[in-house]
Amino acid sequence: MQYYQTKAGKIPGTDFREVNGKAMEIFDVIKNRSKRKPHIRSAYFRKQKVFLDFFWNHIHTNKNPRDRLRRLKYFEAALELIRESRLSPESKENPNKSGEILHRFAGKTKEGDVFMVQIKEFKKNSQKYFISVFPI
């Protein structure tokens, strides 16, 4: 598998509040650019929108605090990967829901840490949602 080398590193910090604050600053800049749903445009999907609202719901409802911190550290690098990467992801149909495709992009931070970004695409309307980022 090929990795996209990001210029962004992990968000520094050891406390969840510290890392979450920096991640929210980055997110607020994106959120203030749009009047509706916060999104970024993806190079791989020919500049189509990738919406970010599923990510925050996933992080805050399904994950314990230690896992949240571990994943949020890669938030800035994940956004850069979605924006800039033209490398092909691993794509497969969601085994739980046949109307969805899951795309997994691999990336490397400035420090050399490897991580994955998962994007969900709905087949019906081809909308894409950033779901998760996690280290390998």
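Residues numbered from 1 in each chain as written. Predicted model: local features only at pLDDT ≥ 70, side-chain atom pairs only at ≥ 80, totals over all residues. Heavy atoms only, no water.

A. Broad picture of the overall build of the chain. Of regular secondary structure, the chain possesses 4 helices and 7 strands. Since a compact globule built from 136 residues should have a radius of gyration of about 14 Å, the 14 Å found for the chain is in line with a globular shape. Taken along its principal axes, the extent of the C-alpha atoms in the chain is 40 × 35 × 30 Å. Across the 136 residues that make up the chain, the buried fraction comes to 49%. Taking the contacts inside the chain whose residues are at least 6 apart along the sequence as the reference set, 58% of them involve residues at least 24 apart. If the 30 positive side-chain charges of the chain are averaged to one point and the 15 negative ones to another, these points end up 5 Å apart. (Helix = DSSP H or I, 4+ residues; strand = E, 2+ residues; numbered from the N terminus. Rg over C-alpha atoms; globule rule 2.2 N^0.38 Å. Buried < 20%, exposed > 50% of the residue type's maximum accessible area, 1.4 Å probe, protein only. Contact = heavy atoms within 4.5 Å. Lys, Arg positive; Asp, Glu negative; His and termini not counted. Charge placed at Lys NZ, Arg CZ, Asp CG, Glu CD.)

B. Spatial organisation of a nonpolar patch on the surface. A surface patch of nonpolar side chains, about 350 Å² in accessible area, is lined by Met1, Tyr3 and Ile136. Relative to the helices and strands, Tyr3 is located in the segment before strand 1 (4-5). Residue Tyr3 is classed as partly exposed on the basis of its relative accessible area, which comes to 38%. (Patch = residues over 30% accessible without salt bridge, like charges linked within 9 Å, V, L, I, M, F, W, Y side chains within 5 Å. Areas by Shrake-Rupley, 256 points an atom, 1.4 Å probe, with all protein chains shown as cover. Salt bridge = Lys/Arg side-chain N within 4 Å of Asp/Glu carboxyl O.)

C. Broad picture of the packing of aromatic side chains. Counted under the stated rule, the structure contains 14 aromatic pairs. Ring plane angle 35° and centroid distance 5.5 Å describe the contact between Phe51 and Tyr129, whose orientation is recorded as tilted. Here Tyr129 lies in strand 7 (residues 128-135) and Phe51 lies in strand 3 (residues 48-51), a separation of 78 residues in the sequence. Of the two residues examined, Phe51 and Tyr129, each falls in the buried class. On the numbers, 5.1 Å between centres and 75° between planes, the contact of Phe55 with Trp56 is edge-to-face. (Phe/Tyr/Trp six-rings, centres within 6.5 Å; stacked < 30°, edge-to-face > 60°.)

D. Looking closely at helix 1 (residues 16-31). Relative to the 22 Å expected for 16 residues at 1.5 Å per residue, helix 1 spans 21 Å between its end C-alpha atoms, a close match to the ideal helical length. Among the structural elements, strand 2 (39-42), helix 2 (53-62), helix 3 (65-72) and helix 4 (75-84) are those in contact with the buried residues of helix 1. (Expected span 1.5 Å × (residues − 1).)

E. Spatial organisation of unusual backbone geometry. Even without a glycine there, the phi angle at Lys47 is positive, about 60°. You can see Lys47 is positioned in the loop between strand 2 and strand 3. Lys47 sits in the partly exposed class, given a relative accessible area of 45%. Of note, the phi angle at Ser126 is positive, near 55°, even though the residue is not glycine. With respect to the helices and strands, Ser126 occurs in the loop between strand 6 (114-122) and strand 7. The exposure class of Ser126 is partly exposed, given its relative accessible area of 33%.

Read these as geometric descriptors, not functional statements.
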